[in-house]
Every structure is written in C-alpha cells, then in structure tokens.
Amino acid sequence: MKMDFLNSEAAQDSIIRLYCFSTDEIKQFCHLLNSLATSAISSSALHEQPFIQSINECRLTLRNGKRDGGIEIAADGSFECVLTPIGWEDELERIKPFTQDDDQGRYQWLLWDAPTEVRLLLSQNGDW
C-alpha cells in the first residue's frame, strides 16, 4: 500500500492518499485499525508498517484519544490522526468492503465525521 501527501493551496483540500494495495495489505490495515478500536494499542506509526510504502517521506501516526480530532499537521511536517476507539471502529467499517472484492475503481473518503486539517482517502487505483 502506498501512502502520499497531496498538498493543496487550501489546507482543507490537502489529502493523504492510501492507494495501490493488495487484499492482504488492506487486511493488515484492518487489523491495525481493529487494534486501535479495541485499545490493544494506543498508537501506531503507519509509515513504519511493513505493508506501507511511504512516498516522499509521508509520515502519519494513528493515535487513540478522548475525542475525534482527525488529522493535524505537526511542526516537523509529519501528520497525526487522533480518534476515539469508537472512531477507529467506524473507520474500520468503512474500509472492510475493500477486503471483499477487486474492483480497481473503488475509493472511500475516511474521517468523514471528524474535524480535520487534511482529508484521508483510501483508493485502490489512486483516483477519486
């Protein structure tokens, strides 16, 4: 699974894109989100996962928090996404359909309900 940052002049139009993934990679991503949803882990550096290929050093850390805060840009240019365990469970439900079939035109906007500086896109072929 590739991960990159598409910067836009307007911050609210910037996107972190997760794309070009296999069924096995999306299942690993689901397992990671399930670990956050069940509080088995409190955080994970997504860019350090073996199933993630970070493009242009895009760094995204996923964390459990007391509120759904979405993605924020850190001072060092990395990104942090903070959601409650229930928020991670919601995201897990949004991506589960990608584990079932191979339609290359599918995509899903994540963090739909969270206030966020950067949008998060899951896309099999990179398009939306």
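Provided above is the structure to which this section pertains.
The rules we used
- Residues numbered from 1 in each chain as written.
- Predicted model: local features only at pLDDT ≥ 70, side-chain atom pairs only at ≥ 80, totals over all residues.
- Heavy atoms only, no water.
- Phe/Tyr/Trp six-rings, centres within 6.5 Å; stacked < 30°, edge-to-face > 60°.
- Lys NZ or Arg CZ within 6 Å of the ring centre and 35° of its normal.
- Helix = DSSP H or I, 4+ residues; strand = E, 2+ residues; numbered from the N terminus.
- Buried < 20%, exposed > 50% of the residue type's maximum accessible area, 1.4 Å probe, protein only.
- Contact = heavy atoms within 4.5 Å.
- Core = buried A, V, L, I, M, F, W, Y, C linked by side-chain atoms within 4.5 Å.

**Concerning the packing of aromatic side chains**
In this structure the tally under the stated criterion is three aromatic pairs. Between Arg 106 and the ring centre of Phe 98, over which it is positioned, the NZ or CZ distance is 4.9 Å.

**A look at the environment of Trp 109**
The topology assignment puts Trp 109 in strand S8 (residues 107–110). Accessibility expressed as a relative area gives 14% for Trp 109, which makes it buried. Apart from the residues within four sequence positions on either side, Trp 109 is in contact with Ile 15, Arg 94, Arg 119, Leu 120, Leu 121 and Trp 128.

**Section: unusual backbone geometry**
The phi angle of most residues is negative, glycine excepted, and most peptide bonds adopt the trans form. You will see that Cys 20, though not glycine, has its phi angle at about 55 degrees, which is positive. The residue Cys 20 is located in the loop between strand S2 (15–19) and helix H1 (23–37) in this model. A residue is classified by how much of its surface remains accessible, and Cys 20, at 37% relative accessible area, is partly exposed.

**Describing the nonpolar core**
Judged by nonpolar contacts, the single largest core of 32 residues is most densely connected at Ile 16, Phe 29, Leu 46, Leu 62 and Leu 122. Elements with a minimum of two residues in this core: S2, H1, strand S5 (60–64), strand S7 (79–83), helix H2 (85–95) and strand S9 (119–123). In terms of residue count, the dominant contributor to this core is H1 (seven residues). In this structure Phe 29 touches Met 1, Leu 18, Leu 46, Phe 51, Leu 62 and Ile 95, once residues within four positions along its chain are discounted.

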